[in-house]
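What the coordinates show
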Amino acid sequence: MAAARGPMLLRNIMGHMLVRAVVRRSFWVQNTPSTFLLRPKQLPFRICSTEAGQAGSAEPAACETESRFKEKPWEYLTSEEYIERYGDNPVWFGYRRNHKGQVAPQKTRKTCIRGKTVCGNPCPICRDQNLFLDYRNVKLLEQFICPHSGITYHPTQTGICMKKYKQLTNAIQQAQDNGFLFFHIPFISFHGQDYSNQHPAVTTTPPSPALLNKAAWYDWYDWQQPPEKKIALMRRIYKNYLREESGPP
C-alpha cells in the first residue's frame, strides 16, 4: 500500500505545480510504464508539450508544396529526377486514358483538376507538378510538335486535357513570336519545267471564234424581238402605268 501511495502523491504534487505555474506552453503528464517504478531515482511520469505537434501540423503536405522548378521549369528536363522517370521518351509516351468501352473517345477531358479534386488518371502534364507549359521551356514544347511537318500533335494522341492543350498552343505561338521555336517551312525543289512558259499547259489560250467574228458567245446573248402577243399582253396589264407614245417632234 505504501508503495502504491508514493506515485499517487507525486502525481498530485506535480499537477498542482503545473496548474499554478504561468507558462506559455501547454503541458500534460503522461504515465510511464510500470517498469520505471522498480528503478530508483526515476519519476513515474513524463512531462510533454504540445508546441512541437502544433508546429508539425502547420506544415503543408508534400503534395501541396510548390515545385522548386516553378521559376525555371526548363531545369527540370535536365535533372536526374526527370531522366529517371521518363528517360529519352517524351512525357506522354505510353500514356493511356481510362475510358469505358473498347473505343477511345474522340476528345479528351476538359480538365483533370477541378478545384481540389483530381481525377483518377490525370493527363501527362497534370500528373507531374514539375511540368510547366512556359514559352521558354522549349524542350517540353518540342515533344508536342511533329518534327517532320511542324504541326502540333492532336490531344487524342498525346492524351493531355483540353485546358492544357490550349495553354500548350498559346505557349508554342508565344515561343515562335519570341524566336525560341522556328516556323516549319517545308523545302520544295522546283524544276525548270514547273515555271517555264514554254510548257503546253502554260501557253496563251487562243481566242474563241465568236470573239473573232465579234458575235455573242452564245446565241441567246443576241437581241431577239419578242412576239406581238407577248407585247400586247404586257401593254394590257400595265396600261395604267405606261406613257403615251409620242412621235418625233
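From a predicted model like this one, the values you see are computed outputs, not experimental measurements.

Scanning the protein chain from N- to C-terminus turns up nine helices and four strands. When the 249 residues of the protein chain are sorted by exposure, 21% land in the buried category. Within the protein chain, contacts between residues separated by at least 24 positions form 56% of all contacts whose residues are at least 6 apart in sequence. Counting only carbon and sulfur atoms, one obtains 55% of the accessible surface of the protein chain, whose full area is about 21000 Å².

A separate point is the nonpolar core. Counting residues in each nonpolar core, the largest one holds 29 residues, and the members touching the most others are Val91, Cys123, Ile125, Leu141 and Phe144. Broken down by secondary-structure element, the contributors of at least two residues to this core are α4 (80-86), α5 (138-142) and α7 (162-177). Looking at which element gives the most residues to this core, the answer is α7, with five residues. The contact partners of Leu141, leaving out residues within four places of it in the chain, are Leu133, Asp134, Tyr135, Leu168, Ala171, Ile172, Ala175 and Leu181.

Let's shift gears to the pattern of salt bridges. If you walk through the whole model with that rule in mind, you get two salt bridges. With a shortest N-O distance of 3.4 Å, Asp128 and Arg85 are connected by a salt bridge. Pair noted here: Asp128 is in the loop between β4 (117-118) and α5 and Arg85 is in helix α4, with a separation of 43 residues, a long-range link. The buried category is assigned to Asp128, whose relative accessible area is 3%. Judged by its relative accessible area of 46%, Arg85 falls in the partly exposed class. Residues Asp134 and Arg136 are paired through a salt bridge, measuring 3.1 Å at the closest nitrogen-oxygen approach.

Taking 1.5 Å of rise per residue, 16 residues should cover 22 Å, and α7 covers 23 Å from first to last C-alpha, within 8% of that figure. Considered for burial, the residues of α7 that qualify are Tyr165, Leu168, Ala171, Ile172 and Ala175. Within α7, the buried residues cover an arc of 125° as seen down the axis, which keeps them to one side. Exposed residues pointing more than 90 degrees away from the buried face of α7 are listed as Lys166 and Asp177.

This model, assessed by the stated rule, comprises five aromatic pairs. Ring plane angle 50° and centroid distance 5.2 Å describe the contact between Phe69 and Tyr76, whose orientation is recorded as tilted. Accessibility assignment for this pair places Phe69 and Tyr76 in one class, buried. With centroids separated by 5.7 Å and ring planes inclined at 65°, the aromatic side chains of Trp92 and Tyr153 adopt a geometry described as edge-to-face. One end of the pair, Trp92, is in the loop between α4 and β3 (113-114); the other, Tyr153, is in the loop between α5 and α6 (155-158), with 61 residues separating them in the sequence. The exposure class of Trp92 is buried, given its relative accessible area of 15%. By relative accessible area, which is 18% here, Tyr153 ends up buried. Through a chain of ring-to-ring contacts, the aromatic side chains of Phe69, Tyr76, Tyr82 and Tyr86 assemble into a single cluster.

Another point: the side chain of Thr108. In this structure, Thr108 sits in the loop between α4 and β3. A polar contact of 3.0 Å, which involves the side chain of Thr108, links it to the backbone oxygen of Ile160. Ignoring sequence-local partners within four residues, the contact set of Thr108 consists of Arg97, Pro155, Thr156, Gly159, Ile160, Cys161 and Met162.

Cut-offs applied
- Residues numbered from 1 in each chain as written.
- Predicted model: local features only at pLDDT ≥ 70, side-chain atom pairs only at ≥ 80, totals over all residues.
- Heavy atoms only, no water.
- Helix = DSSP H or I, 4+ residues; strand = E, 2+ residues; numbered from the N terminus.
- Buried < 20%, exposed > 50% of the residue type's maximum accessible area, 1.4 Å probe, protein only.
- Contact = heavy atoms within 4.5 Å.
- Areas by Shrake-Rupley, 256 points an atom, 1.4 Å probe, with all protein chains shown as cover.
- Core = buried A, V, L, I, M, F, W, Y, C linked by side-chain atoms within 4.5 Å.
- Salt bridge = Lys/Arg side-chain N within 4 Å of Asp/Glu carboxyl O.
- Expected span 1.5 Å × (residues − 1).
- Arc of directions from axis to C-beta.
- Phe/Tyr/Trp six-rings, centres within 6.5 Å; stacked < 30°, edge-to-face > 60°.
- Polar contact = N/O pair within 3.5 Å; in protein donor to acceptor, adjacent residues only side chain to side chain.

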